[in-house]
Amino acid sequence: MEPDDIDAVLSALADPIRRRIVERLGKGEATVTDLSAPFDVSGPAISRHLGILERAGLITRERHGTWRTCRLRPEAVAELGVWLGGLRPDWDRRFDSLEAVLATRHDPTPATHHHDHQEQS
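It should be emphasised that the depicted structure is a prediction, and the values quoted were computed from it without experimental measurement.

Asker: Help me out: how do you make sense of the environment of Leu 13 in this one?
Answerer: Mapped onto the secondary structure, Leu 13 falls in helix H1 (residues 3-13). Remark: the alpha-carbon pair of Leu 13 and Ala 56, spanning 43 residues in sequence, is separated by 9.3 Å. In contact with Leu 13, not counting residues within four places along its chain, are Arg 19, Val 22, Leu 58 and Leu 80.

Asker: So what exactly am I meant to see when it comes to the pattern of salt bridges here?
Answerer: Overall, the coordinates contain four salt bridges when judged by the stated rule. Across the pair Arg 71 and Glu 29 runs a salt bridge, and its minimum N-O distance is 2.2 Å. With a gap of 42 residues between them, Arg 71 in strand S3 (residues 67-72) and Glu 29 in the loop between helix H2 (16-25) and strand S1 (30-31) connect regions that are remote in the sequence. Given the relative accessible area of 37%, Arg 71 is considered partly exposed. Classification of Glu 29 as partly exposed rests on a relative accessible area of 38%. Measuring nitrogen to oxygen at the nearest pair gives 3.0 Å for the salt bridge that ties Glu 75 to Arg 73.

Asker: When you look at the pairing of strand S2 (residues 59-64) in this model, what are you seeing that I'm missing?
Answerer: Two strands pair when backbone bridges link them, and S2 and S3 are joined in this way by six bridges, in the antiparallel orientation. Bridging across to S3, Ile 59 finds its partner in Leu 72. Turn length for the S2-S3 hairpin, with the two strands adjacent in sequence and antiparallel, is two residues, and the turn residue Gly 65 shows positive phi of about 65°.

The rules behind the values
Residues numbered from 1 in each chain as written. Predicted model: local features only at pLDDT ≥ 70, side-chain atom pairs only at ≥ 80, totals over all residues. Heavy atoms only, no water. Helix = DSSP H or I, 4+ residues; strand = E, 2+ residues; numbered from the N terminus. Contact = heavy atoms within 4.5 Å. Salt bridge = Lys/Arg side-chain N within 4 Å of Asp/Glu carboxyl O. Buried < 20%, exposed > 50% of the residue type's maximum accessible area, 1.4 Å probe, protein only. Pairing = 2+ DSSP bridges.

What follows is the structure, encoded as structure tokens:
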């Protein structure tokens, strides 16, 4: 993925409504009406969300008579997965380094606490 494409996808997915729309479309094609049902937002607001997802390349919209349907573009999601997967070796190295630092700082002798006991007669 090109950096501009990644920026557009991540920006589109930054919004919780758009993430939920993408999750729903992951289960299959849906009408705009179906997609808007779970949200307490206006029709134009849903259309704006769909436009952002479409411009980011995550979905396609089609008109079927009076119905508009939306479909997830699985290849766009796969490309994002590949890009994120490419970051994993760097993060694994960083976590391994952190683990090594923490292991050297770990004190194997537990702290002991001494309590003064007074006997009552």
